[in-house]
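The residues making up each chain are set out below.
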Amino acid sequence: MIFTMANEKDDSHLTESKTGNTVLPYCFGIILIGVLIQIVGTIKGDPIVFPSVFEILRTFFRLICQAHTYHLILTTVVHLFVSLVISSGIALFIGIAEGLSDFIHNLLKPLMTMLRSIPVIVLVVISMVVLNYSLVPYIASSLILIPVMSEAVCEGCRRIDSELIDVYRLNSTFNLKILCTVYLPLMAGFLKQAYANAVGIGIKIIITTEYLVQTKNSLGKAVFSSSYFTAYDEIYAYALIMILLVLLLTEVPIKILKFFKLF
């Protein structure tokens with residue numbers, strides 16, 4: 001028990017040290033982005049296309065103080081959430097099937113490769129032709145996220161120790177209970193990474209689709225309006241909002257799950 005408590009203290013100390021060593025360089029990285037924008041703006045000599053960092057920050061704080069901005073964010077987050085639910089359900093089914101069967105893995109490999117390789121703009125345009133415009137953000141983003149997440153699920157499934165699989169096979173066949181109590185906990189690391197990647201990719205795809213289909217009250221539509229009126233300071237400010245949104249959606253859920261010891 002003494003050794004356990006000592007190990008817990010050591011792990012806690014290492015975690016705090018690692019966090020401290022990560023936060024400072026990350027903050028400097030943000031400052032570096034601002035410096036680079038300022039340098040490019042100075043070299044280009046076009047304050048309209050490359051406004052100063054202070055102008056961007058002034059616009060950013062103006063936008064986050066407006067209720068309408070949160071309406072835009074909510075619309076985009078809803079699109080992202082629905083797309084993640086759709087793609088997660090399908091990717092989990094496909095990934096488990098691919099992980100358990102080499103035949104299914106090889107059968108679906110060309111399709112997954114095509115979905116990963118197809119340009120986003122092509123997929124969005126095809127979706128606009130086939131589907132109602134209101135469905136394009138959901139369907140286009142889900143189609144691109146499915147191979148990203150299914151690959152992680154498949155890899156996680158294949159990395160599970162075969163001895164652990166043999167243990168459950170002695171008492172039961174593969175079923176929903178086995179999936180939830182054996183496979184998902186053992187694949188937690190892969191699922192966490194897949195989720196983080198899916199959120200980052202999903203935000204970019206959804207805003208692109210919102211931009212193209214002119215979805216009302218969305219971040220994509222706001223970016224289009226800003227570009228139409230050459231308000232580049234707003235474009236950079238919206239980009240900053242999107243970055244913070246990705247950080248919020250990837251870091252906060254993981255912290256909550258760690259707090260409740262689910263990861």
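Just so it is clear, the model here is predicted, and its values are computed rather than measured.

**Student:** Explain the packing of helix H4 (residues 102-117) against helix H6 (residues 136-159) here, please?
**Tutor:** Each pair of packed helices can be summarised by the angle the axes make with each other and by the distance between the axes. Axis separation between H4 and H6 bottoms out at 9 Å; the angle between their running directions is 145°. The two elements H4 and H6 cross, and the hand of that crossing is left-handed. Mapping the contact onto sequence places Asp-102, His-105, Met-112, Leu-115 and Arg-116 in H4 and Leu-143, Ile-146, Pro-147, Ser-150, Glu-151, Cys-154 and Arg-158 in H6. Of the residues in the contact of H4 with H6, the class split is 6 nonpolar, 2 polar and 4 charged.

**Student:** Honestly, the packing of aromatic side chains in this entry has me stumped. Any pointers?
**Tutor:** To describe a pair of aromatic rings, one takes the distance between the centres and the angle between the planes. This structure, assessed with the given rule, holds 4 aromatic pairs. With 5.4 Å between their ring centres and 75° between their planes, Tyr-211 and Phe-224 make a pair best called edge-to-face. Taken together, the residues span a long stretch of sequence, with Tyr-211 in helix H9 (residues 188-213) and Phe-224 in helix H10 (residues 219-228) at a distance of 13 residues. An aromatic cluster of three or more residues is present, and its members are Tyr-211, Phe-224, Tyr-228 and Phe-229.

**Student:** Explain the pattern of salt bridges here, please?
**Tutor:** Per the stated rule, a full pass over the model turns up 5 salt bridges. For Arg-62, the salt bridge identified is with Glu-234, shortest N-O distance 3.3 Å. In this pair, Arg-62 sits in helix H2 (residues 53-64) while Glu-234 sits in helix H11 (residues 232-259), placing the two residues 172 residues apart along the sequence. When its relative accessible area of 38% is taken as the criterion, Arg-62 is described as partly exposed. A salt bridge links Glu-151 to Arg-116; its shortest N-O distance comes to 3.7 Å. Of this pair, Glu-151 sits in helix H6 while Arg-116 sits in helix H4, and the two are 35 residues apart along the sequence. Relative accessible area serves as the criterion here: at 46%, Glu-151 is assigned to the partly exposed category. For Arg-116, a relative accessible area of 42% gives the class partly exposed.

**Student:** Whenever I open this one, the nonpolar core confuses me. Can you help?
**Tutor:** One recurring pattern in soluble globular proteins is that nonpolar side chains are buried together. Core analysis: the biggest nonpolar cluster contains 23 residues, and Leu-80, Leu-84, Leu-219, Tyr-238, Ile-241, Met-242 and Leu-245 have the highest contact counts within it. Counting residues per element, the ones that place at least two in this core are H2, helix H3 (67-100), H6, H9, H10 and H11. Beyond its immediate chain neighbours, meaning those up to four positions away, Ile-241 contacts Phe-60, Leu-63, Ile-64, Thr-69 and Ile-73. Residues Val-153, Ile-160, Val-182 and Tyr-183 belong to the second largest nonpolar core, which totals 9 residues.

**Student:** Just checking my understanding: could you explain the confidence of the model for the chain for this structure?
**Tutor:** In regions of low pLDDT, the predicted coordinates are not meant to be interpreted in detail. The predicted model of the chain averages 81 in pLDDT, with 81% of residues at 70 or higher. Within the chain, no element has a lower average pLDDT than helix H1 (residues 2-44), which sits at 59, and none a higher one than H3, at 92. This stretch, residues 1-20, has a pLDDT under 50; its non-local contacts, to residues over four places away or in other chains, come to 0 contacts.

**Student:** Just to check I follow, could you spell out H2 for this structure?
**Tutor:** Over its 12 residues, H2 extends 16 Å from the first C-alpha to the last, a length consistent with the 16 Å expected when each residue adds 1.5 Å. Listing the buried residues of H2 in full gives Ile-56, Thr-59, Phe-60 and Leu-63. Taken around the axis of H2, the buried residues stretch over an arc of 105°, which confines them to a single face.

**Student:** Whenever I open this one, the environment of Gly-41 confuses me. Can you help?
**Tutor:** Structurally, Gly-41 is set in helix H1. Between the C-alpha atom of Gly-41 and that of Pro-51, which follows or precedes it by 10 residues, the distance is 6.8 Å.

**Student:** Is there a simple way to think about the side chain of Ser-87 in this case?
**Tutor:** Locating Ser-87 in the fold gives a position in helix H3. A relative accessible area of 0% places Ser-87 in the buried class. Here the side chain of Ser-87 touches Ser-83 through a polar contact of 2.7 Å, landing on its backbone oxygen. Not counting chain neighbours up to four residues away, the residues in contact with Ser-87 comprise Ser-142, Leu-145, Ile-146 and Met-149.

Here is what the cut-offs are and how they apply
Residues numbered from 1 in each chain as written. Predicted model: local features only at pLDDT ≥ 70, side-chain atom pairs only at ≥ 80, totals over all residues. Heavy atoms only, no water. Axes fitted to C-alpha atoms, helices over the stretch in contact; angles between N-to-C directions. Helix = DSSP H or I, 4+ residues; strand = E, 2+ residues; numbered from the N terminus. Left-handed = near helix turned anticlockwise from the far one by under 90°. Contact = heavy atoms within 4.5 Å. Nonpolar A, V, L, I, M, F, W, Y, C, P; charged D, E, K, R; others polar. Phe/Tyr/Trp six-rings, centres within 6.5 Å; stacked < 30°, edge-to-face > 60°. Salt bridge = Lys/Arg side-chain N within 4 Å of Asp/Glu carboxyl O. Buried < 20%, exposed > 50% of the residue type's maximum accessible area, 1.4 Å probe, protein only. Core = buried A, V, L, I, M, F, W, Y, C linked by side-chain atoms within 4.5 Å. pLDDT = per-residue confidence, 0-100. Expected span 1.5 Å × (residues − 1). Arc of directions from axis to C-beta. Polar contact = N/O pair within 3.5 Å; in protein donor to acceptor, adjacent residues only side chain to side chain.

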